[in-house]
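# Understanding the architecture of this molecule
Listed below, chain by chain, are the residues.
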Amino acid sequence: MTSKRKIRILVGKPGLDGHDRGAKVVARALSDAGFEVVYTGLHQTPEMIAVTAIQEDVDAVGLSIMSGAHLTLFEAVLKELAARNAKDILVFGGGIVPDEDVKKLHEMGVAAIFKPGARGTYHVGDEQPVTLQHFLDVACRVWGYPRPLRLPLWLIYTAACSSELFALIARTSSPLTR
């Protein structure tokens, strides 16, 4: 039996939002858990994110949006992916998203939204929130990939951390996350 490649996830920061600490922490946690992660950096256009997602042959795109432009930016990224025949790439995200906009994003095609303070849970429409780990386990099962390692426990608590601890987690070497 031949094993499939690791799941590839692009973590993107669309728009003019300059707050990337959370995106870097999530990217690091995904990498530590065995996912292959592509981080685009700050100030990416929806087109740049879609092109990179296709070039890097990713399975999913995770967008981090703290600016309040989530409806516009998620829609633009989904349209750019669709225009390039890449509707099969799963799109999820996190950031500052009011409860009333979560259902709109789901109707648009966003698979899940992870909100600050949610302790690793995601929200889609009226469904019961579950953990990021569960979300990724289901994605692996649906895609037929081996389940990755468990996400580091510290990821669950990053939303509640002080900015100093958050920065420390983002800078530390892998042994801390084990």
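Parameters at a glance
- Going along each chain's sequence as written, the residues are numbered from 1 onward.
- Restriction of local features to residues with pLDDT of at least 70 applies here, the model being predicted, together with a cutoff of 80 or more for giving and counting side-chain atom pairs; totals for whole chains, interfaces and linings are based on all residues.
- With hydrogens and water stripped out, all remaining heavy atoms of the structure feed into the side-chain values.
- Secondary structure elements follow DSSP: runs of H or I of four or more residues count as helices, runs of E of two or more count as strands, with numbering from the N terminus.
- Here, residues are in contact when the closest pair of their heavy atoms is within 4.5 Å.
- Only the protein chains shown count as covering a residue, and every accessible area follows the Shrake-Rupley method with a 1.4 Å probe.
- By salt bridge we mean one thing: a side-chain nitrogen of Lys or Arg within 4 Å of a carboxyl oxygen of Asp or Glu.
- For the exposure calls, accessible area comes from a 1.4 Å probe over protein chains only, and a residue counts as buried if that area is under 20% of its type's maximum, exposed if over 50%, partly exposed in between.
- The span one expects for a helix is its residue count, reduced by one, times 1.5 Å.
- The arc in question is traced by the directions running from the helix axis to the C-beta atoms.

### What to know about the overall build of the protein chain
The secondary structure content of the protein chain amounts to 7 helices and 7 strands. Put simply, the protein chain runs from its N terminus to its C terminus through helices and strands in the order β-α-β-α-β-α-β-α-β-β-β-α-α-α. Intrachain contacts of the protein chain at a sequence separation of at least 6 include 64% that bridge at least 24 residues. Here the protein chain displays about 9,400 Å² of accessible surface, and carbon together with sulfur accounts for 55% of that area.

### As for the pattern of salt bridges
This model, assessed by the stated rule, comprises 8 salt bridges. A salt bridge links R8 to E36; its shortest N-O distance comes to 2.1 Å. Taken together, the residues span a long stretch of sequence, with R8 in strand β1 (residues 8-12) and E36 in strand β2 (residues 36-39) at a distance of 28 residues. Note on E36: relative accessible area 32%, which makes it partly exposed.

### Quick word on helix α3 (residues 70-83)
An α-helical turn contains 3.6 residues, so any two residues separated by three or four positions project in the same direction. The end-to-end C-alpha distance of α3 is 20 Å, a good match for the 20 Å that 14 residues give at a rise of 1.5 Å each. Among the residues of α3, H70, L73, F74, V77, L78 and L81 are the ones counted as buried. All buried residues of α3 project into a common sector of 130° when viewed along the axis, lining one side. Residues of α3 that are exposed and angled more than 90 degrees away from the buried face: T72, K79 and A83. Its buried side turned inward, α3 meets α2 (46-55), β3 (60-65), β4 (90-95), α4 (99-108) and β5 (112-114). A positive phi of about 55° marks N85, the residue just after α3.

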